[in-house]
Amino acid sequence: MSNHRVAYAYAKSLMELAIERGQLEEVYQDFLHLVNLAKSNRDFELAMRNPTVSSDKKLKILKALFEKRGTTNTTLAFFEILCRKNREEALIDIAKEFQAQYQLHNSIQVAEVTTTFPLDDNLRAEFTKIVLEISGMKTVKLIEKINPDLIGGFILRVNDRQLDESLNSKLRELRAQFAVNLYESKI
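No experiment lies behind these values; they were computed from the predicted model shown. (Residues numbered from 1 in each chain as written. Predicted model: local features only at pLDDT ≥ 70, side-chain atom pairs only at ≥ 80, totals over all residues. Heavy atoms only, no water.)

**Details of the sheet that holds strand S4 (residues 161-164)**
Short version of the rule: DSSP bridges decide pairing: two strands pair if at least two such bridges lie between them. Numbering goes from the N terminus for both helices and strands, where a helix is a DSSP run of H or I of at least four residues and a strand is a run of E of at least two. Working convention: axes come from line fits to C-alpha atoms, limited for helices to the stretch in contact. Angles between N-to-C directions cover 0 to 180 degrees.
Here 4 strands make up an open sheet; going across it, the order is S2-S1-S3-S4 and the pairing mixed. Sheet topology places strand S2 (139-146) and S4 at the edges, where each strand pairs with a single neighbour. Strand-to-strand twist in this sheet, taken as the mean axis angle between neighbours without regard to direction, amounts to 15 degrees. With 5 bridges joining them, strand S1 (residues 108-115) and strand S3 (residues 154-158) adopt antiparallel strand pairing.

Right under this line is the structure:
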């Protein structure tokens, strides 16, 4: 079974359990912390994916990192089940999938906006309005990035859709059009 399918199955089960126990927000915060921890500490992610590190050691690492944080019993029990079944290499993927399912459950659309300058409140409201129209969700979470290489304009990513209105992409299109010589005989 692929890692994505495993992550989906475990995340879905955990989501249902957290909803049943009324701990969805707390479990979401735990997994948000887990993803941030993996992003900021490459050694942690490598340890979780390393097949030579025993499941018991991985569980001890997880407990040491999460027990002092006030993590829910549901999350700790989930870690134990995952380690018992030797699926801890998929833990980071499960955490990311759990976040995606949480956002879908709460009708939150994550969108990424890349511009050459920081967004002000008016532009942020315009992008939010566009994303709401595209996605049909109730809430939008904008991730703002700044890239001076765009020269001007913006790139908006919503799920697998991308709206590229940057000057950089327009210049690339023009270069491609000028590369074709329409007046040269092709005989």
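**Observations regarding unusual backbone geometry**
Counted only if it meets this: Burial classes: relative accessible area under 20% of the type maximum marks a residue as buried, over 50% as exposed, and values in between as partly exposed (1.4 Å probe, protein chains only).
Phi at Asn-86 is positive, roughly 55 degrees, even though this residue is not glycine. Within the fold, Asn-86 resides in the loop between helix H5 (73-84) and helix H6 (91-105). The partly exposed category is assigned to Asn-86, whose relative accessible area is 48%. For Ile-151, which is not a glycine, the phi torsion comes out positive at approximately 70 degrees. With respect to the element layout, Ile-151 can be found in the loop between S2 and S3.

**Some points on the pattern of salt bridges**
Opposite charge on two side chains makes pairing possible when the charged atoms of those side chains draw close. This is how the line gets drawn: The rule for a salt bridge is simple: a side-chain nitrogen of Lys or Arg has to be within 4 Å of a carboxyl oxygen of Asp or Glu.
Under the criterion given, the structure shown has 12 salt bridges. Here Arg-69 makes a salt bridge to Asp-30, at a shortest N to O gap of 3.1 Å. With Arg-69 in the loop between helix H4 (55-66) and H5 and Asp-30 in helix H2 (residues 24-40), this residue pair connects regions lying 39 residues apart in the sequence. The class of Arg-69 is partly exposed, set by a relative accessible area of 35%. Judged by its relative accessible area of 3%, Asp-30 falls in the buried class. One salt bridge in this structure joins Asp-164 and Arg-172, with 4.0 Å as the shortest N-O distance. For Asp-164, a relative accessible area of 19% corresponds to the buried category. For Arg-172, a relative accessible area of 45% puts it in the partly exposed group. Here the salt bridges share partners, and the residues they tie into one network are Glu-45, Arg-49 and Asp-93.

**Quick look at the pairing of S3**
Relative to S4, S3 is paired through 4 bridges, and the arrangement is antiparallel. Among the inter-strand pairings, Leu-156 is bridged to a residue of S4, identified as Leu-163. What sits between S3 and S4 in their antiparallel hairpin is a turn of 2 residues, with Asn-159 showing a positive phi close to 55 degrees.

**Comments concerning H4**
One full turn of an α-helix is made of 3.6 residues, so residues set three or four places apart face in the same direction. Short version of the rule: By this rule the span expected of a helix is its residue count minus one, scaled by 1.5 Å. Picture the helix axis, draw a direction to every C-beta atom, and the arc is the one those directions span. Contacts are assigned to residue pairs that have any heavy atoms within 4.5 Å of one another.
Taking 1.5 Å per residue, 12 residues should reach 16 Å; H4 reaches 16 Å between its end C-alpha atoms and fits that length. Listed as buried for H4 are Ser-55, Lys-58, Leu-59, Leu-62 and Phe-66. Looking down the long axis of H4, one finds its buried residues gathered within 100 degrees of arc, a one-sided arrangement. Exposed positions of H4 whose direction lies more than 90 degrees from the buried face are Asp-56, Lys-57 and Lys-60. For H4, the elements touching its buried residues are H2, helix H3 (42-49), H5 and H6.

Keep in mind these values describe shape, not function.
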